[in-house]
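# Summary of structural features
Take a look at the letters that make up each chain.
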Amino acid sequence: MTMKTSYRVDCPCGHVDAIRMSENDAPFSRPWESYEPVDLEGSGFTVSPSANWTKVFEEMKLRCPKCGSHLMPDDLQNR
């Protein structure tokens with residue numbers, strides 16, 4: 001089964017967006033996590049078994065679509 005969670009990201013300019021994380025939470029199967037930007041510029045990626053937020057932001061290269069600022073783990077609101 002796949003569990004999905006959204007993490008709010010607030011840009012300093014006021015734009016609010018999110019990262020959607022999907023993860024395999026089925027017992028006795030190989031763990032993985034998939035990250036997808038929601039209303040952000042950047043790319044998604046999948047990692048096995050997991051990644052920390054620094055790695056997530058490095059891989060996704062997130063930018064605010066409103067002001068173009070690079071977004072960092074400090075911009076996460078609900079970790």
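Our subject is the structure that appears above.
Residue positions are given per chain, counting from 1 as you read along its sequence in written order. In keeping with the model being predicted, local features are shown solely for residues with a pLDDT of at least 70 and side-chain atom pairs are shown and tallied solely at 80 or more, while totals for entire chains, interfaces and linings include all residues. Where side-chain values are given, they derive from all heavy atoms of the structure, hydrogens and water being excluded.

Below, the discussion takes up the sheet that holds strand 4 (residues 45-47). An order of 1-2-3-4 is seen for the 4 strands of this open sheet, with the pairing classed as antiparallel. At either end of the open sheet lies a strand with only one pairing partner, and these are strand 1 (2-10) and strand 4. Here the average twist between neighbouring strands, direction ignored, is 20°. The pairing criterion for strands is at least two bridges between them, as found by DSSP. Helix and strand definitions follow DSSP, with helices as H or I runs of at least four residues and strands as E runs of at least two, each counted in order from the N terminus. Where strand 3 (residues 33-38) lies against strand 4, 3 bridges are found, and the strand directions are antiparallel. The residue bridging Tyr35 from the neighbouring strand is Phe45, located in strand 4. For helices, the axis comes from a line fit to the C-alpha atoms of the stretch in contact; other axes are also lines fit to C-alpha atoms, and the angle between any two N-to-C directions lies between 0 and 180 degrees.

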